[in-house]
Amino acid sequence: MRKIVVSGGRSLKGKVKISGAKNASLAIMCAALMADKPVVLDNIPYISDVKIMIEIIGTMGAEIRWLDSDVLYIKPPETISQDAPYEKVKKLRASNLLLGPLLAKYGRASVALPGGCNIGVRPMDLHFKGLAGMGAEIRLERGFVIGTADRLTGARVYLDFPSVGATENIMMAACLAEGQTIIENVAKEPEIVDLANFLNAMGAKVRGAGTDVIKIEGKSELNQCQRYSVIPDRIEAGTYMVAAAATRGDVLLENVIPKHLEPLIAKLREAKVEIEESEDSLRVKAAGPLAPVDIKTLPYPGFPTDMQSQMMVLLTTVPGTSVIVENIFENRFQVADELKRLGAKIKVEGRMAVIEGVPELQGAHVKATDLRAGAALLIAGLMARGETHISNPQYILRGYQDFESKLNSLGACVKSVTLE
Ligand code: EPZ
């Protein structure tokens, strides 16, 4: 068993290169299966979620391998040799994004019903409603989602909630359906736009990604794309921005798209963090006292839920009262209990957390409960006086490439140790 040990009280200084977006990469890897020829993907992060997706896609008969440290080669199979292995798809919720592509290209799909996780129930009703509306037959059997369809037909789909995954599954399926599909009340995250750009590079006709309505003209095949580069990870970038502010440091982030970070930049500036924007980089400085802020998580372009835990940590030592309302997931305040072990003053009532600033955090033994909670505890360890020991570090490895070396190159003292 391993854990991370962080020696706190050091300001982060220097520059860090942001890796490719986990959530865009996972969707685009699934979409690549719809191509009729091999695809090369650039800027794919070397993280455990991507490695699991590689294993899953490989067991289904695709030829998939790294051509370089962040370059992935995917040659889709003629037919699906076997279903995605249960023990692997259970580990990766994003494997549910195989449903739309496999149904559309191969006429059948069998993926494990991704159970709830630590942040919420995570149902798939909107995915099923959209795919069924396009003529797919969806049934649940022994923990699997089994889908079949001779040929999907275009449909008009309204999403009760702008679900990222449902938007992605339905958009991908529609690219090989017969006729036009209109999806309303869709998610507008940058990862949706990146997926749409990749689908269009493969020869699809997707219009409106990034707005409330996406229109897709179905094609009979997708065989144009050879190479595509994935956008930078706005959540990894946001995490380093908050770490820089929380340690009162001065950090330059390279390989970012500032526009994707607008809601976070606005909130950090409100908290009196200095941020300088340029075309593909951001400089984050925090020297003086910060100000308390109120945060409500919302679908993009609102404040991202994936940055909520990290902001909670920053606010634990900001004098005054800050309030966070989590509107996306029903159980995403678990990190608060761990932060209290470090001396934070946080009161959680349902979807609301009230944070009273304390002078400083004290290092302690804590445990990560999910990916972003783990990242938040890393930031807390950087801020705290003394050593913080974080167990379950595997959660952090899911979404943060080389986080240990990236943080230590900024002056942190983070090391992973193996417990006897
Ligand atoms: C994606 O998850 C991201 N994961 C999540 O990032 C992110 O937090 C989330 O979008 C919201 O931005 C990937 O892209 C791989 P949703 P997803 O469907 O698609 C409800 C991370 O840390 N809902 O937008 O699963 C659902 O219960 C991860 O990188 C339904 O009710 O999120 C939730 O309350 C965590 N029915 C809300 O919508 C459905 O059919 C948002 O879920 C689908 C979703």
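1. Topic: the domain arrangement of the chain
Each domain of the chain was delimited in the assignment, giving domain 1 (2-18 + 233-418) and domain 2 (22-221). Each partner contributes residues to the interface: domain 1 has 24 residues there, and domain 2 has 20 residues. Taken together, the two surfaces of domain 1 and domain 2 that pack against each other cover about 1,800 Å², and 49% of this comes from carbon and sulfur. Among the residues of domain 1 in contact with domain 2, Y300, R398 and Q401 are the three that bury the most area, contributing 31% of the side total. At the boundary of domain 1 with domain 2, the tally comes to two salt bridges. D49 is paired through a salt bridge with R398; the nearest N and O atoms lie 2.8 Å apart. Run the count over domain 1 and domain 2 and you get twelve residue pairs in polar contact (both at pLDDT 80 or more). Counting only elements with at least two residues in the side of domain 1 that touches domain 2, the list comes to α12 (371-383) and α13 (394-397). The residue inventory of the side of domain 1 that touches domain 2, partitioned by class, reads nine nonpolar, seven polar and eight charged.

2. Some points on empty space enclosed by the protein
Enumeration over the complete set of coordinates arrives at three cavities of 30 Å³ or more. The volume enclosed by the largest cavity comes to roughly 90 Å³. Around the largest cavity, the lining residues are T239, Y240, A243, A375, L378, I379, L382, I396, Y400, F403 and L407. Every element with two or more residues in the lining of the largest cavity is listed here: α8 (234-246), α12 and α14 (403-408). Top element by residues in the lining of the largest cavity is α12. It accounts for four residues.

3. Considerations on the packing of α8 against helix α9 (residues 262-270)
The geometry of α8 relative to α9 is characterised by a closest axis approach of 11 Å and an angle of 10° between their N-to-C directions. The orientation of α8 relative to α9 falls into the category roughly parallel. Where α8 abuts α9, its residues G238, M241 and V242 lie against L264, I265 and L268. Looking at the contact of α8 with α9 residue by residue, the class counts come to five nonpolar, one polar and no charged.

4. Quick look at the pairing of strand β20 (residues 352-356)
Of the two faces of β20, only the one carrying A353 and I355 is buried; M352, V354 and E356 on the other face are not. Relative to β20, strand β18 (residues 321-325) runs antiparallel, the two being bridged by five bridges. Note that in β20 the partner of V325 across the bridge is M352. Relative to β20, strand β19 (residues 345-349) runs antiparallel, the two sharing five bridges. The residue of β20 that forms the bridge with K347 is V354.

5. Quick notes on the site of the ligand
The local shell around the ligand holds 22 residues, among which D125, L126, S163, D306 and I328 are the closest. Note that an oxygen atom of the ligand is positioned 2.8 Å from one of the backbone N or O atoms of V164. In isolation the ligand offers 820 Å² of accessible surface; the protein chains occlude 87% of this area. The set of elements that each furnish at least two residues to the shell around the ligand consists of α1 (22-31), α5 (125-133), α6 (164-174) and α12. Top element by residues in the shell around the ligand is α5. It accounts for three residues. Two domains each put at least three residues into the shell around the ligand: domain 1 (2-18 + 233-418) and domain 2 (22-221).

6. What to know about the pattern of salt bridges
The final tally for this structure, using the stated rule, is 26 salt bridges. Residue D212 pairs with K188 through a salt bridge whose shortest N-O separation is 2.8 Å. Pair noted here: D212 is in the loop between β11 (205-207) and β12 (213-217) and K188 is in the loop between β10 (180-184) and α7 (190-201), with a separation of 24 residues, a long-range link. Overall, the relative accessible area of 40% leaves D212 in the partly exposed class.

7. Things to note about the sheet that holds strand β13 (residues 227-229)
Reading across from one edge, β4-β5-β3-β13 is the order of the four strands in this open sheet, with mixed pairing throughout. Of all strands in the sheet, those bounded by a partner on one side alone are β4 (63-68) and β13. Along the sheet, successive strands turn relative to each other by an average axial angle of 20°, direction set aside. Both β4 and strand β5 (residues 71-75) contribute to a ladder of five bridges, which runs antiparallel. By the bridge assignment, D68 is partnered in β5 with V71.

8. Focus on the nonpolar core
Ranked by size, the top nonpolar core spans 80 residues in total, and within it M29, L41, M171, F198 and L199 carry the most contacts. For this core, the leading source of residues is α1, giving seven residues. Each residue touching M171, except ones within four places of it in the same chain, is listed here: I183, I192, L195, A196, L199, V206, I214 and I216. Formed by 72 residues, the second largest nonpolar core is a distinct cluster that contains A344, V358, L361 and A375.

9. Observations concerning the packing of aromatic side chains
Applying the stated criterion across every chain, the model contains three aromatic pairs. Note on Y86 and F144: the rings are 5.1 Å apart at their centroids and 55° apart in plane angle, and the pair reads as tilted. Taken together, the residues Y86 in helix α3 (residues 86-89) and F144 in strand β8 (residues 144-148) connect sequence positions 58 residues apart. The class of F144 is buried, set by a relative accessible area of 14%. Note that R65 overlies the ring of Y73, its terminal NZ or CZ placed 4.4 Å from the centroid.

Rules of the game
- Residues numbered from 1 in each chain as written.
- Predicted model: local features only at pLDDT ≥ 70, side-chain atom pairs only at ≥ 80, totals over all residues.
- Heavy atoms only, no water.
- Domains from an automatic or database assignment.
- Contact = heavy atoms within 4.5 Å.
- Buried area = accessible area lost by both parts, 1.4 Å probe.
- Salt bridge = Lys/Arg side-chain N within 4 Å of Asp/Glu carboxyl O.
- Polar contact = N/O pair within 3.5 Å; in protein donor to acceptor, adjacent residues only side chain to side chain.
- Helix = DSSP H or I, 4+ residues; strand = E, 2+ residues; numbered from the N terminus.
- Nonpolar A, V, L, I, M, F, W, Y, C, P; charged D, E, K, R; others polar.
- 1 Å grid on protein atoms, 1.4 Å probe; cavity = no way out; pocket = protein on both sides within 12 Å on 5 of 7 lines; lining within 4 Å.
- Points joined across faces, edges and corners; volume = space filled by probe spheres on them.
- Axes fitted to C-alpha atoms, helices over the stretch in contact; angles between N-to-C directions.
- Parallel < 35°, antiparallel > 145°, perpendicular 65-115°, else oblique.
- Buried < 20%, exposed > 50% of the residue type's maximum accessible area, 1.4 Å probe, protein only.
- Pairing = 2+ DSSP bridges.
- Near = heavy atom within 4 Å.
- Areas by Shrake-Rupley, 256 points an atom, 1.4 Å probe, with all protein chains shown as cover.
- Core = buried A, V, L, I, M, F, W, Y, C linked by side-chain atoms within 4.5 Å.
- Phe/Tyr/Trp six-rings, centres within 6.5 Å; stacked < 30°, edge-to-face > 60°.
- Lys NZ or Arg CZ within 6 Å of the ring centre and 35° of its normal.

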